[in-house]
Amino acid sequence: MTTAPAPAPASVTVRSRVAGLATAHITQWQKGYLSDRPKDVAALARLRRGAGRDAAEMPDLWALVDTGPLHAGAGGLTALSEQELSRAEDALYTALTLWALHQQSRGTGMHRPHTRERPAGLGAAVRRLMPPGDIDDPVRKRLVRAGTAPDLVTLAQRLRDIVVLLRRADVPLDYGLLAGQLYAWQWPGGPGAVRREWGRSFHTGQQDQPAGEDTAGTAASPTTTDTDTDDKDAS
């Protein structure tokens, strides 16, 4: 996973912890959701209601998401400052709720770990919404607008719009990577560093696409309303 320059003490370490915790939560929920386990289906329904919203407005999520590994002394790791902990929790909640929206009514996992051979960063995912060798400017501008968001809540709202397009086209995303980026984004100098990561990722998005993952050009118009649901997601 690419890491941004450390803009605050221990921020790279915390970023890794946020990314790892997001991955652990999502891996468990995603497996259960795809197996139609009621508790995981219910968890996803609760999570997705928070997509694009301030975590402080969603007390229902506080009991659902175990943030224990981020707290003092967890696993023998260095205790976080109050500011580090607050930003880590906000990044985690944002990533988890966006994944839940992305996974809704999908029969395959929409969280997929990023690898060099199979890029799954945000920029790469957005690039895969476009035809090979061509740039869909309205879609590209959504990524640019996300990168210039003035605060985390606005960023979450703009990412929500992108996730709706990814969901419709069945394009997966590495939500652990995204969670770490959302943490880094909140520090001085972080937005610029994360934008550069997204830009590099965008330029790898059409490289080495595995056979059977033909998603290019499948996205609906950015102005289309997404109403796709199934019975287990009706709640």
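You'll find the structure just up there.
Keep in mind the model is a prediction, meaning the values are calculated, not measured. (Residues numbered from 1 in each chain as written. Predicted model: local features only at pLDDT ≥ 70, side-chain atom pairs only at ≥ 80, totals over all residues. Heavy atoms only, no water.)

Draft legend 1. Expanded view of the overall build of the chain. In terms of helices and strands, the chain carries nine helices and zero strands. Listing every helix and strand of the chain by position from the N terminus yields α-α-α-α-α-α-α-α-α. Here the chain holds 235 residues, and 51% of them are scored as buried. Intrachain contacts of the chain at a sequence separation of at least 6 include 76% that bridge at least 24 residues. (Helix = DSSP H or I, 4+ residues; strand = E, 2+ residues; numbered from the N terminus. Buried < 20%, exposed > 50% of the residue type's maximum accessible area, 1.4 Å probe, protein only. Contact = heavy atoms within 4.5 Å.)

Draft legend 2. Representation of the packing of helix 7 (residues 152-168) against helix 8 (residues 175-185) within the structure. At a minimum axis separation of 11 Å, helix 7 and helix 8 run at an interaxial angle of 155°. Taken together, the axis directions place helix 7 and helix 8 in an arrangement best described as roughly antiparallel. Viewed along their axes, helix 7 and helix 8 form a crossing whose handedness is right-handed. Together, Leu 152, Leu 155, Leu 159 and Val 163 of helix 7 and Tyr 175, Leu 178, Leu 182 and Trp 185 of helix 8 make up the contact between the two elements. Among the residues making up the contact of helix 7 with helix 8, the classes are represented as eight nonpolar, no polar and no charged. (Axes fitted to C-alpha atoms, helices over the stretch in contact; angles between N-to-C directions. Parallel < 35°, antiparallel > 145°, perpendicular 65-115°, else oblique. Left-handed = near helix turned anticlockwise from the far one by under 90°. Nonpolar A, V, L, I, M, F, W, Y, C, P; charged D, E, K, R; others polar.)

Draft legend 3. View of the side chain of Asp 174. The topology assignment puts Asp 174 in the loop between helix 7 and helix 8. One buried charged side chain, Asp 174, makes no salt bridge at all; its nearest oppositely charged neighbour is Arg 112, positioned 8.0 Å away. Separated by 2.7 Å, the side chain of Asp 174 and the backbone nitrogen of His 114 make a polar contact. Here Asp 174 is in contact with His 111, Arg 112, Pro 113, His 114 and Ala 120, once residues within four sequence places are set aside. (Lys, Arg positive; Asp, Glu negative; His and termini not counted. Salt bridge = Lys/Arg side-chain N within 4 Å of Asp/Glu carboxyl O. Polar contact = N/O pair within 3.5 Å; in protein donor to acceptor, adjacent residues only side chain to side chain.)

Draft legend 4. Examining the packing of aromatic side chains more closely. Considering all chains together, one arrives at two aromatic pairs under this definition. For the pair Trp 29 and Trp 99, a centre-to-centre distance of 6.5 Å together with 10° between the ring planes defines the contact as stacked. Pair noted here: Trp 29 is in helix 1 (residues 11-34) and Trp 99 is in helix 4 (residues 82-103), with a separation of 70 residues, a long-range link. Just as Trp 29 is buried, Trp 99 falls in that class too. Plain terms: the ring middles of Tyr 183 and Trp 187 are 6.0 Å apart, the flat faces sit at 70° to each other, and that makes the pair edge-to-face. Overall, the relative accessible area of 0% leaves Tyr 183 in the buried class. (Phe/Tyr/Trp six-rings, centres within 6.5 Å; stacked < 30°, edge-to-face > 60°.)

Draft legend 5. Here's a closer look at the pattern of salt bridges. Counting across every chain of the model gives seven salt bridges. The closest approach of N and O atoms between Glu 197 and Arg 15, which form a salt bridge, is 3.1 Å. Taken together, the positions of Glu 197 in helix 9 (residues 190-202) and Arg 15 in helix 1 put the pair 182 residues apart, joining distant regions of the chain. Since its relative accessible area comes to 5%, Glu 197 is described here as buried. When the shortest N-O distance is used, the salt bridge between Asp 40 and Arg 37 registers 2.9 Å. The exposure class of Asp 40 is buried, given its relative accessible area of 3%. The partly exposed category is assigned to Arg 37, whose relative accessible area is 35%. Connected through salt bridges with shared partners, the residues Asp 137, Arg 140 and Lys 141 form a single ionic network.

Spatial relationships are all this shows, so hold off on functional conclusions.
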